[in-house]
Amino acid sequence: MNIQNKVIVITGAARGLGAAMAKRLAAQGAKLALVDLDADSMADAAAACEGAADVRTYGANVANEDQVVALFNNIVADFGSLDGLVNNAGITRDALLIKYKDGELVSKMSLDQWQMVIDVNLTGVFLCGREAAEHMARLGNGGVIINISSISRAGNVGQSNYSATKSGVEAMAVTWAKELARYGIRTGAVAPGFINTEMVAAMPDSAKEKIAGMVPLRRMGESDEIAQAVQFIFENDYFSGRLIEVDGALRL
Ligand code: CAA
């Protein structure tokens, strides 16, 4: 796919990886629909989109079915087309499954912590992927859907919830590649390692130091290095249903 003038939706676009993807795809001349919980939070990300053919911002909760249906209807009405989706919106609510010390239960992951992450990271990807696919099939021009997974999909301490979702979105990318090829829709997934974003900055210092010491390339990744992988999936027409790992060779 030639990215120029293609209509691409990026969820979780206000900061971090989503903002970096927006900036990179803008430089290729894309038309961007940036989505986050609050449309106002994307002013900086939109302003950084130099070279874009068009940039619009939309506030929506990806975990809310009515909002997602309305979101994609609005985007297609505004741009008249839909060519790409990056399912990037994601949150963490890290906690150990159980913490048992000196014969006593100290803590456990709450159902709220579990459910909040499942709602945004898994249900949100399902809803946005489904709505995007419906519009793409109806419009008849094919498209590309990319799910942002994580190195944590292999199972990371303190992330029962997050790891389950990031494994799930990889599986959905494979499933959709098989189901949607008949409509000319390709899919892909990207699994970032530990990247310099607010999400990673929020980790406890001890955990960050432990991880940093384990990365063979000896540094955290940069957001644009993930955006580069996203660009590759858009542009390579024989890529579908597979995952690109961008993690400095770290294995959890
Ligand atoms: N690997 C191995 N051991 C770990 C660990 C890790 N990543 N994280 C914590 N532990 C160990 C601690 O060393 C500690 O062991 P000891 O009791 O032997 O000292 C034990 O687990 C308990 O840790 P805490 O005292 O910190 O317990 P807590 O209940 O206060 O917090 C926690 C637990 C929430 C899991 C916290 O340790 C934490 O946030 N860890 C980091 C989790 C993580 O890696 N998150 C990734 C966030 S970035 C992201 O998600 C983006 C992405 O896609 C990669």
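One structure accompanies this document, and this report is about it. (Residues numbered from 1 in each chain as written. Predicted model: local features only at pLDDT ≥ 70, side-chain atom pairs only at ≥ 80, totals over all residues. Heavy atoms only, no water.)

### Concerning the sheet that holds strand 8 (residues 185-192)
Part 1: Spatially, the seven strands line up as an open sheet ordered 3-2-1-4-7-8-9, and their pairing is parallel. Single-partner strands in this sheet number two, and they are strand 3 (54-59) and strand 9 (242-246). In this sheet, neighbouring strand axes are inclined to one another by 15 degrees on average, regardless of whether the strands run parallel or antiparallel.
Part 2: Bridge count for strand 8 against strand 9 is five bridges, and the pairing is parallel. Within strand 9, the position partnered with Pro 192 by the bridge is Val 246.
Part 3: Here helix 4 (residues 111-139) sits on the sheet in contact with strand 1 (7-11), strand 4 (84-87), strand 7 (143-148) and strand 8, set at roughly 175 degrees to strand 4. (Pairing = 2+ DSSP bridges. Helix = DSSP H or I, 4+ residues; strand = E, 2+ residues; numbered from the N terminus. Axes fitted to C-alpha atoms, helices over the stretch in contact; angles between N-to-C directions. Contact = heavy atoms within 4.5 Å.)

### Remarks on helix 5 (residues 160-180)
Part 1: Between its first and last C-alpha atoms helix 5 spans 30 Å; for 21 residues at 1.5 Å apiece the expected length is 30 Å, and the two agree.
Part 2: Where helix 5 is concerned, the buried positions are Asn 161, Tyr 162, Ser 163, Thr 165, Lys 166, Gly 168, Val 169, Met 172, Ala 173, Trp 176, Ala 177 and Leu 180.
Part 3: On the buried face of helix 5, the contacting elements are strand 4, helix 4, strand 7, strand 8 and helix 6 (198-201). (Expected span 1.5 Å × (residues − 1). Buried < 20%, exposed > 50% of the residue type's maximum accessible area, 1.4 Å probe, protein only.)

### Comments concerning the side chain of Thr 197
Part 1: Position of Thr 197 among the secondary structure elements: in the loop between strand 8 and helix 6.
Part 2: Residue Thr 197 is classed as buried on the basis of its relative accessible area of 15%.
Part 3: Here Thr 197 is in contact with Gly 16, Leu 17 and Ser 223, once residues within four sequence places are set aside.

### Re the site of the ligand
Part 1: Taken together, 21 residues sit near the ligand, with Asp 94, Ser 150, Asn 156, Gln 159 and Tyr 162 positioned nearest.
Part 2: Here Asn 156 contributes a side-chain N or O atom positioned 2.9 Å from an oxygen atom of the ligand.
Part 3: At 2.7 Å, a side-chain N or O of Tyr 162 approaches an oxygen atom of the ligand.
Part 4: Protein contacts shield 64% of the accessible area of the ligand, which totals 1000 Å² for the unbound molecule.
Part 5: Looking at the shell around the ligand, the elements with two or more residues in it are helix 6 and helix 7 (205-214).
Part 6: The residue makeup of the shell around the ligand, split by class, is 11 nonpolar, seven polar and three charged. (Near = heavy atom within 4 Å. Polar contact = N/O pair within 3.5 Å; in protein donor to acceptor, adjacent residues only side chain to side chain. Areas by Shrake-Rupley, 256 points an atom, 1.4 Å probe, with all protein chains shown as cover. Nonpolar A, V, L, I, M, F, W, Y, C, P; charged D, E, K, R; others polar.)

### Focus on a nonpolar patch on the surface
Part 1: Taken together, the side chains of Leu 97, Ile 98, Tyr 100 and Leu 105 make up a nonpolar region of the molecular surface, amounting to roughly 450 Å² of accessible area.
Part 2: By the secondary structure assignment, Tyr 100 is in strand 5 (residues 98-101). (Patch = residues over 30% accessible without salt bridge, like charges linked within 9 Å, V, L, I, M, F, W, Y side chains within 5 Å. Salt bridge = Lys/Arg side-chain N within 4 Å of Asp/Glu carboxyl O.)

### Details of the pairing of strand 1
Part 1: Among the five residues in strand 1, five count as buried, and that is most of the element.
Part 2: The alternating pattern of strand 1 places Val 7, Val 9 and Thr 11 on one face and Ile 8 and Ile 10 on the opposite face, and all of these are buried.
Part 3: In the sheet, strand 1 pairs with strand 2 (residues 31-36) via five bridges, with the strands oriented parallel. Across the sheet, residue Thr 11 finds its bridge partner in strand 2, namely Val 35.
Part 4: What joins strand 1 to strand 2 is helix 1 (residues 16-27), and the crossover it makes is right-handed. (Right-handed = clockwise from strand over helix to strand, strands pointing away.)

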